[in-house]
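Listed here are the chains, written in short residue letters.
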Amino acid sequence: SRRSPSNGSSRTLSAREMYLFDTGGQYLDGTTDITRTVHWGEPSPLQKEAYTRVLMGNIDLFRLVFPSNTAGGCQTPPCTEPLAQEGLAPISPLHSPGRTVEAFARRALWDVGLNYGHGTGHGIGNFLSVHEWPVGFQSNNMPLEAGMFTSIEPGYYQDGEFGIRIEDVALVVEAQTEDPFLTFEVVSLVPYDRNLIDLSLLSPEQIRYLNSYYKRIRAHVGPELQRQRLDEAYAWLQESTQP
């Protein structure tokens, strides 16, 4: 296809650059769509700060508690520009009562004048499309309801230099509040690249979220790796999920 690499454009990866990989599969019990960005060498200060701020946006949206019957759409100009490799559709300028929900994923980037030019997430299909309407964060999506699955995938892209995206699958769940509010539960259990995280930028709440997430990964993924006797993968998991 037009998106497939050719012999002329393919090259060997280097430890001196960032690598963004968007992965996923469809199985009998569900669909995965997970993106991670890594750097095997020494990232530049901009790369590290940009990655950390993308991660902060991911965490902030996952931690958000918001009223039920809220849509998640964005109507900022970058959202009208689909990311070609993702195939995300342009967002209409319709009013969205939940525009502030999507903005939480961008706030840490906005604080320093950065942004990304695609939507923050899309519905996750099962046996149909991985990108499935009408769930998601576009302004023409339906209001979020408990039981819906959507991706949460903020990013940052420096043309011709590097790209960053952190994508997790989220389940919309009822929040532990007296009145009907909602929040997100992360379904993807894959560590983030510690080499790219600037801890000095994270708030205590964001660090607590990360530690809780890593503890959950260890509890769910670790025993399965041990059962399959994947010792090298288990050692990597333990190292990557240290508090």
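Looking up the chain in an unreviewed UniProt entry gives the name XPP2 aminopeptidase, with the organism given as Panurus biarmicus.

A short note on the overall build of the chain
Secondary structure summary: the chain contains 5 helices and 10 strands in total. Looking at the chain residue by residue over its 243 residues, the buried ones come to 46%. Contacts spanning at least 24 positions in sequence make up 66% of the contacts within the chain whose residues lie at least 6 apart. Of the accessible surface of the chain, which amounts to about 12900 Å², a share of 53% is contributed by carbon and sulfur atoms.

Thoughts on the pattern of salt bridges
In this structure the tally under the stated criterion is 10 salt bridges. The shortest N-O distance in the salt bridge between Glu185 and Arg216 comes to 3.5 Å. Placement of the pair is Glu185 in strand S10 (residues 181–186) and Arg216 in helix H4 (residues 204–227), with a sequence separation of 31 residues. A network of salt bridges, in which partner residues are shared, links Asp22, Glu153 and Arg165.

Observations concerning the nonpolar core
Membership of the largest hydrophobic core comes to 42 residues, with the highest contact counts inside it found for Leu61, Phe184 and Tyr192. Of all the elements in the fold, those that place two or more residues in this core are helix H1 (45–63), helix H3 (107–110), strand S8 (162–165), strand S9 (168–174), S10 and H4. A total of 8 residues in this core trace back to one element, the largest contributor, which is H1. Residues lining this core come from more than one domain, with at least three contributed by each of domain 1 (20–70 + 94–189) and domain 2 (203–242). Those residues in contact with Phe184 that sit more than four places away from it in its chain are Leu61, Phe62, Leu64, Phe66, Phe137, Leu144, Thr150, Ile152, Ala170, Leu171, Val172 and Val173.

Considerations on H4
Structural remark: α-helix, 3.6 residues per turn; residues separated by three or four positions point the same way. For H4, which comprises 24 residues, the first-to-last C-alpha distance of 35 Å matches the rise-based estimate of 34 Å (1.5 Å per residue) to within 8%. Along H4, the sharpest change in direction is near 35° and occurs at Val221; proline Pro223 comes one to four residues later. Listed as buried for H4 are Gln206, Tyr209, Leu210, Tyr213, Tyr214, Ile217, Gly222 and Leu225. Here the buried face of H4 lies against strand S2 (30–39), H1, S9, S10 and helix H5 (231–240). Where H4 ends, the next residue or the one after it, Arg229, has phi of about 60°, a positive value.

Details of the packing of H1 against H4
Contact pair H1 / H4: the axes reach a minimum separation of 10 Å and the direction vectors enclose 80°. The orientation of H1 with respect to H4, classified from their angle, is roughly perpendicular. Every residue of H4 that contacts H1 at Leu55, Met56, Ile59, Asp60, Phe62 and Arg63 is listed here: Glu205, Gln206, Tyr209 and Leu210. Grouping the amino acids of the contact of H1 with H4 by side-chain chemistry returns 6 nonpolar, 1 polar and 3 charged.

Quick notes on the pairing of strand S5 (residues 131–136)
Here 2 bridges tie strand S4 (residues 122–124) to S5, and the two strands are oriented antiparallel to one another. Looking at the pairing, Ile124 lines up with His131 of S5. Linkage of S4 to S5, two consecutive antiparallel strands, is achieved through a turn of 6 residues.

Details of the pairing of S2
It is a general feature of regular strands that their side chains alternate between the two faces of the sheet. The element S2 is largely enclosed, with a buried count of 9 among its 10 residues. Looking at chain direction, strand S1 (residues 18–27) and S2 are connected through 10 bridges and run antiparallel. What sits directly across from Tyr27, in S2, is Gly30. Where S1 folds back on S2, the antiparallel hairpin that results is connected by 2 residues.

Parameters and conventions
Residues numbered from 1 in each chain as written. Predicted model: local features only at pLDDT ≥ 70, side-chain atom pairs only at ≥ 80, totals over all residues. Heavy atoms only, no water. Helix = DSSP H or I, 4+ residues; strand = E, 2+ residues; numbered from the N terminus. Buried < 20%, exposed > 50% of the residue type's maximum accessible area, 1.4 Å probe, protein only. Contact = heavy atoms within 4.5 Å. Areas by Shrake-Rupley, 256 points an atom, 1.4 Å probe, with all protein chains shown as cover. Salt bridge = Lys/Arg side-chain N within 4 Å of Asp/Glu carboxyl O. Core = buried A, V, L, I, M, F, W, Y, C linked by side-chain atoms within 4.5 Å. Domains from an automatic or database assignment. Expected span 1.5 Å × (residues − 1). Bend = angle between axes of the 7 residues up to and from the residue. Axes fitted to C-alpha atoms, helices over the stretch in contact; angles between N-to-C directions. Parallel < 35°, antiparallel > 145°, perpendicular 65-115°, else oblique. Nonpolar A, V, L, I, M, F, W, Y, C, P; charged D, E, K, R; others polar. Pairing = 2+ DSSP bridges.

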